[in-house]
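# Chain and residue survey
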Amino acid sequence: MSAPEQIDHEDGNKDENLGLYRRATQTGAQWWRVSVGDRPETYRLEHGADDENGAGTVDIDLIVDAENLRAKLKKWRREGFAIDGSDAGQDDERTRVAFMPELQRASASMLAQKQRERASSNDTVRDGSSSTVRIGTVDVPCGIPHPLVPPINHAYLFSPRFNDIVEDIVENRRVMLIGHTGAGKTSLIEQVAARSGHPVLRSNMNGQTTAGDFVGFWTVKGGETLWVDGVLPSAMREGLWLIVDEIDFAEPSILAALTAVLEPHGRLLLKEKGNEIVAPHPAFRLFATANAVGAMSQFRHLYQGANLMNEAFLDRWRVYLLDYLTPAEETDVLVRTLAPHMTRALAATLAAIAADCRAAFAREDLASAFSTRRLLDWAELMLRTGDPERAAGPAIYAKVSPEDAALIRGIIRHHIAPAG
Ligand SMILES: Nc1ncnc2c1ncn2[C@@H]1O[C@H](COP(=O)(O)OP(=O)(O)O)[C@@H](O)[C@H]1O
Ligand SMILES: [Mg+2]
């Protein structure tokens with residue numbers, strides 16, 4: 001009983017080399033198996049290949065001595081063979097292949113549960129206030145009439161890319177939209193609110209917003225000292241949707257106040273007001289927009305003064321990168337906004353000009369961004385004047401530097417030949 005153990009121990013160093021050496025190929029894997037030979041100090045080497053189905057056949061089978069084995073091991077390492085003790089490699093592969101089907105089942109089960117939950121919550125409140133409106137593929141619960149509900153923009157286009165964002169809003173996630181100026185961050189939230197009838201407050205961090213405006217402050221009125229809620233506690237108490245625009249410009253004290261509220265059902269502590277606790281109304285939603293955060297950091301030089309946001313803060317949000325509409329989508333928006341006069345052919349050219357200007361902005365050839373708003377305004381004035389160049393004056397050129405105006409003029413001429 002003790003003898004074989006001793007032999008194993010003595011041979012330990014050599015036995016380390018026993019096992020399966022594999023290297024992946026395009027269609028499966030190649031392997032060498034090293035086992036103990038039938039004579040002392042010899043090793044058996046088998047070579048084979050597995051295809052995608054895992055079926056392997058041995059095509060080489062030989063006996064070598066220890067020195068020969070060492071040479072082989074060196075060669076295999078150069079060729080990319082690596083030892084995978086036991087059948088761990090096959091287990092890894094099985095797990096890899098099994099992941100997606102299993103995830104699809106898990107995801108379907110979660111969706112079904114959500115649908116049941118929503119159906120039952122609609123059943124319990126049968127007073128009409130629980131109606132929903134469908135936006136893209138998502139049923140969004142409706143709010144109540146309020147003066148702060150934004151007007152519906154009928155030309156607004158809900159891209160299928162937005163479905164996940166709308167779903168997050170329904171689930172009461174904190175959503176941050178990042179992207180270039182004029183890409184449509186603010187209007188996406190506003191148009192979801194407009195369609196579903198939710199009041200919206202906007203607070204822009206790039207400018208005069210102080211912690212007092214945001215959180216609240218004490219004031220004296222008629223000899224009495226009064227607390228005035230800032231936008232954050234107001235929105236939380238009244239169940240408004242709050243958009244913190246350009247959050248990458250916010251003061252640290254504002255970010256500190258926000259952090260607590262970012263937790264699901266997170267409460268706000270009004271330290272200045274004797275530690276009063278503000279609990280969020282169920283309809284309260286919190287959004288942020290930013291130009292140069294996270295995946296947009298590469299464009300920080302275009303947005304002077306923007307602060308980096310740390311990952312711990314970003315991890316409290318779902319952060320979506322919003323790109324400009326595609327030329328096809330923007331053509332659609334132009335046609336719908338300026339119907340019935342704007343034709344598809346005219347719109348397609350204008351959308352292509354906007355795309356070229358944005359590419360120039362991303363390359364830093366242009367200092368000014370080209371928003372969908374600017375494009376729509378230019379197109380409208382162009383229809384009125386019948387003259388793209390004259391319309392570009394007040395809609396574009398007067399808003400940018402002379403160098404930018406010259407470059408944009410060049411892009412426009414590239415797409416539009418002068419009238420004959
Ligand atoms: N999906 C869209 N459909 C129609 N118009 C859009 C869309 N996205 C943006 N726009 C237009 O572009 C303008 C600028 O968008 P905005 O939301 O203000 O951009 P951002 O907040 O990213 O700077 C909006 O006022 C709207 O007219
Ligand atoms: Mg905005």
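Report on the accompanying structure. (Residues numbered from 1 in each chain as written. Chains lettered and ligands numbered in written order. Predicted model: local features only at pLDDT ≥ 70, side-chain atom pairs only at ≥ 80, totals over all residues. Heavy atoms only, no water.)

### Regarding the sheet that holds strand β5 (residues 82-83)
The 5 strands lie next to each other as β4-β3-β2-β1-β5, forming an open sheet whose pairing is antiparallel. Unpaired on one side and paired on the other, β4 (56-65) and β5 mark the two borders of the sheet. In this structure, strand β1 (residues 19-24) lies alongside strand β2 (residues 28-36), joined through 6 bridges in antiparallel fashion. For Tyr 21, the partnering residue across the bridge sits in β2 and is Trp 32. Running at roughly 135 degrees to β4, helix α3 (residues 66-79) makes contact with β1, β2, β3 (42-51) and β4 of the sheet. (Pairing = 2+ DSSP bridges. Helix = DSSP H or I, 4+ residues; strand = E, 2+ residues; numbered from the N terminus. Contact = heavy atoms within 4.5 Å. Axes fitted to C-alpha atoms, helices over the stretch in contact; angles between N-to-C directions.)

### With respect to helix α13 (residues 372-385)
Helix length check: α13 (14 residues) gives 20 Å between terminal C-alpha atoms against 20 Å at 1.5 Å per residue, within 8%. Within α13, the full set of buried residues consists of Thr 372, Arg 374, Leu 375, Leu 376, Trp 378, Ala 379, Leu 381 and Met 382. Packing partners of the buried residues in α13 comprise α11 (327-337), α12 (344-362), α14 (388-395) and α15 (402-415). Positive backbone phi, at 70 degrees, marks Gly 386, one or two positions downstream of α13. (Expected span 1.5 Å × (residues − 1). Buried < 20%, exposed > 50% of the residue type's maximum accessible area, 1.4 Å probe, protein only.)

### Description of the pattern of salt bridges
Pairs can form between side chains of opposite charge whenever their charged atoms are close. A full pass over the atoms with the stated rule returns 21 salt bridges. Between Glu 46 and Arg 44 there is a salt bridge, with its nearest N and O atoms 3.7 Å apart. On the basis of relative accessibility, which here comes to 10%, the residue Glu 46 falls in the buried class. A salt bridge links Arg 202 to Glu 190; its shortest N-O distance comes to 3.2 Å. Highlighted residues: Arg 202 in strand β9 (residues 200-204) and Glu 190 in helix α6 (residues 185-196), separated in sequence by 12 residues. (Salt bridge = Lys/Arg side-chain N within 4 Å of Asp/Glu carboxyl O.)

### Here's the deal with the packing of α13 against α14
The contact between α13 and α14 brings their axes to 8 Å, and the two run at 135 degrees. Viewed along their axes, α13 and α14 adopt a mutual orientation that is oblique. Here α13 runs over α14; the crossing is right-handed. Where α13 abuts α14, its residues Arg 374, Asp 377, Trp 378, Leu 381, Met 382 and Thr 385 lie against Pro 388, Arg 390, Ala 391, Ala 392, Pro 394 and Ala 395. Its residues assigned to classes, the contact of α13 with α14 comprises 8 nonpolar, 1 polar and 3 charged. (Parallel < 35°, antiparallel > 145°, perpendicular 65-115°, else oblique. Left-handed = near helix turned anticlockwise from the far one by under 90°. Nonpolar A, V, L, I, M, F, W, Y, C, P; charged D, E, K, R; others polar.)

### A few points about the site of ligand 1
By nearness alone, 16 residues border ligand 1, and Gly 182, Lys 185, Thr 186, Ser 187 and Arg 373 come closest of all. Between ligand 1 and Gly 182 there is a distance of 2.7 Å, counted from an oxygen atom to a backbone nitrogen or oxygen. Within the side chain of Lys 185, a nitrogen or oxygen atom sits 2.7 Å from an oxygen atom of ligand 1. Compared with its free state, where it exposes 550 Å², ligand 1 has 88% of that area covered by protein. Of all the secondary structure elements, the ones that give two or more residues to the shell around ligand 1 are α6 and α13. Of the residues in the shell around ligand 1, the class split is 7 nonpolar, 7 polar and 2 charged. Counting contributing residues, the shell around ligand 1 receives three or more from each of domain 3 (144-321) and domain 4 (327-415). (Near = heavy atom within 4 Å. Polar contact = N/O pair within 3.5 Å; in protein donor to acceptor, adjacent residues only side chain to side chain. Areas by Shrake-Rupley, 256 points an atom, 1.4 Å probe, with all protein chains shown as cover. Domains from an automatic or database assignment.)

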